[in-house]
Amino acid sequence: MGSVKEYFSSLGSGIASLLKGMQVTGREFVTPKITECYPENRESHKWPDRFRAQLVFVYDGDKHRCIACGACERNCPNGTISIESKMVTTPAGTKKKKLDKYFYDLGSCTFCQLCVTNCPTAAIEFNNDFEQAVFTRSMLVKQLNYKPEPEEPEPTPEELEKAAAEREAKIAAAKAKAAAAKAAKEAAGGEEKTEENK
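First, a word on what this report is: a plain description of the structure on this page. Here the residue numbering is sequential within each chain, running from 1 through the sequence in written order. Confidence filtering applies because this is a predicted model: local features only for residues at pLDDT of at least 70, side-chain atom pairs given and counted only at 80 or more, and all residues used for totals across whole chains, interfaces and linings. To obtain the side-chain values, all non-hydrogen atoms of the structure were included, while hydrogens and water were left out.

## Structural notes on the pattern of salt bridges
Thinking step 1. Here a salt bridge means any side-chain nitrogen of Lys or Arg lying within 4 Å of a carboxyl oxygen belonging to Asp or Glu. If you walk through the whole model with that rule in mind, you get two salt bridges.
Thinking step 2. With a shortest N-O distance of 3.4 Å, Asp-49 and Lys-46 are connected by a salt bridge.
Thinking step 3. By relative accessible area, which is 74% here, Asp-49 ends up exposed.
Thinking step 4. Residue Arg-65 is joined to Asp-60 by a salt bridge in which the shortest nitrogen-to-oxygen separation is 3.1 Å.
Thinking step 5. Exposure categories follow from relative accessible area, calculated using a 1.4 Å probe and restricted to protein chains: below 20% of the type maximum is buried, above 50% is exposed, and the middle band is partly exposed. Residue class for Asp-60 comes out partly exposed when judged on its relative accessible area of 44%.

The following block contains the structure:
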């Protein structure tokens, strides 16, 4: 008799559990659907502002803002960014570091945005272009400075004169400092000889 009671009680609890599950399923039948019709809605879909898909350069016209300081390369946790720079001589005669090539490996990027937050000139940002399907991983390595570099403007005669005057002033200051150091050394040597004579 006890086994029949146990059978019907377990049958009742099973039916109650089934009805509870069917209630959840029935509720989902009438809720609005949130499935995205991709790629049909590609043009009309609004991506969230925080969505990060690919690192790109920020261009002001034809000129980028990168100064090749290497802050993004140093802060990248897994070596996604690689910068090649070169030293150029400006028409004014001074040396200047300039960006040669900026490589970004999308395949190893973790989208942590440390490079963007540490860039002093806001030269890079993440865009929403997530469609990056390729056949080989080597195709995910991209050169971000794809536009040709504009020529440096020729300096005016006033700028050339100013640069020459600054160079002359630095040379004169260095000579004066060296002469003062030499005189101080000679004076110290003379005092030592005087003390020895005493």
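## Regarding the packing of aromatic side chains
Thinking step 1. Aromatic rings from Phe, Tyr and Trp, with only the six-membered ring used for Trp, were paired whenever their centres fell within 6.5 Å, and each pair was classed as stacked if the ring planes differed by under 30 degrees, edge-to-face if by over 60, and tilted otherwise. One pass over the full model with this rule turns up eight aromatic pairs.
Thinking step 2. Their ring planes at 85° and their centres at 6.3 Å tell us that Phe-51 and Phe-130 sit as a pair that is edge-to-face. Placement of Phe-51 in the loop between helix H1 (2-30) and strand E1 (54-57) and of Phe-130 in the loop between strand E6 (124-127) and strand E7 (141-143) is noted, with a sequence separation of 79 residues between them.
Thinking step 3. With a relative accessible area of 33%, Phe-130 lands in the partly exposed category.
Thinking step 4. Three or more aromatic residues joined by ring pairs make a cluster, and in this case those are Phe-57, Tyr-59, Tyr-102 and Tyr-146.
Thinking step 5. A cation over a ring is seen here: Lys-147 above Tyr-59, with NZ or CZ 4.7 Å from the ring centre. We count a stretch as a helix when DSSP gives it H or I for four or more residues in a row; a strand needs E for two or more, and each element gets its number in order from the N terminus. Note on geometry: a ring has a charge over it if NZ (lysine) or CZ (arginine) is within 6 Å of the ring centre and within 35 degrees of the ring normal.

## Some details on the nonpolar core
Thinking step 1. Core analysis: the largest hydrophobic core is formed by 21 residues, its most contacted members being Leu-55, Phe-57, Ile-81, Tyr-102, Tyr-104, Cys-115 and Ile-124.
Thinking step 2. Elements with a contribution of two residues or more to this core: E1, strand E4 (81-89), strand E5 (95-105), helix H3 (114-118) and E6.
Thinking step 3. Looking at this core, the element that brings in the most residues is E5, giving three residues.
Thinking step 4. Contacts are residue-level and defined by heavy atoms, with any inter-residue pair within 4.5 Å sufficient. Apart from the residues lying within four places of it in its own chain, the contact partners of Cys-115 are Leu-55, Cys-72, Ile-81, Ile-124 and Phe-126. The term nonpolar core refers to a set of buried residues drawn from Ala, Val, Leu, Ile, Met, Phe, Trp, Tyr and Cys, joined through side-chain atoms within 4.5 Å.

## Some thoughts on empty space enclosed by the protein
Empty space among the atoms becomes apparent when a probe as large as a water molecule is rolled across them.
Thinking step 1. For cavity detection a 1 Å grid was placed over the protein atoms alone, and a set of points counts as a cavity when a 1.4 Å probe fits there but cannot get out; an open set counts as a pocket when protein lies on both sides within 12 Å along at least five of seven lines, with lining residues being those that have an atom within 4 Å of a point. Grid points are joined across faces, edges and corners, and a volume is the space filled by probe spheres set on the points. All chains considered together, the criterion is met by two cavities of 30 Å³ or more.
Thinking step 2. If you add up the space inside the largest cavity, you get close to 80 Å³.
Thinking step 3. Only Asp, Glu, Lys and Arg are considered charged, only Ala, Val, Leu, Ile, Met, Phe, Trp, Tyr, Cys and Pro nonpolar, and every remaining residue, Gly among them, polar. Across the lining of the largest cavity, the residue classes tally to ten nonpolar, four polar and no charged.
Thinking step 4. Roughly 70 Å³ of internal volume is contained in the second largest cavity.
Thinking step 5. The wall of the second largest cavity is formed by 13 residues, among which Cys-66, Cys-69, Cys-72, Cys-119 and Ala-123 lie closest to the centre.
Thinking step 6. Broken down by class, the residue content of the lining of the second largest cavity amounts to eleven nonpolar, two polar and no charged.

## Thoughts on the environment of Val-134
Thinking step 1. Looking at the element boundaries, Val-134 is found in the loop between E6 and E7.
Thinking step 2. A relative accessible area of 37% places Val-134 in the partly exposed class.
Thinking step 3. Excluding its chain neighbours within four sequence positions, the residues that come into contact with Val-134 are Met-139 and Leu-140.

## A word on the state of the cysteines
Thinking step 1. A pair of sulfur atoms, both from cysteines and within 2.5 Å, is called a disulfide here. Throughout the structure, instances matching the rule amount to zero disulfides.
Thinking step 2. With no disulfide of its own, Cys-66 lies closest to Cys-72 among cysteine sulfurs, the gap being 6.2 Å.
Thinking step 3. For Cys-66, a relative accessible area of 16% corresponds to the buried category.

## Some details on the side chain of Gln-132
Thinking step 1. The residue Gln-132 is located in the loop between E6 and E7 in this model.
Thinking step 2. Classification of Gln-132 by relative accessible area gives buried; the value is 17%.
Thinking step 3. Polar contacts, as used here, are pairs of N or O atoms within 3.5 Å; protein pairs need one atom able to donate a hydrogen and one able to accept it. Residues neighboring in sequence count only if both atoms are side-chain atoms. Within the local environment of Gln-132, its side chain forms a polar contact with the side chain of Lys-142, the two groups lying 2.9 Å apart.
Thinking step 4. In this view, Gln-132 contacts Gln-54, Leu-106, Leu-140 and Lys-142; residues no more than four positions away in its chain are not counted.

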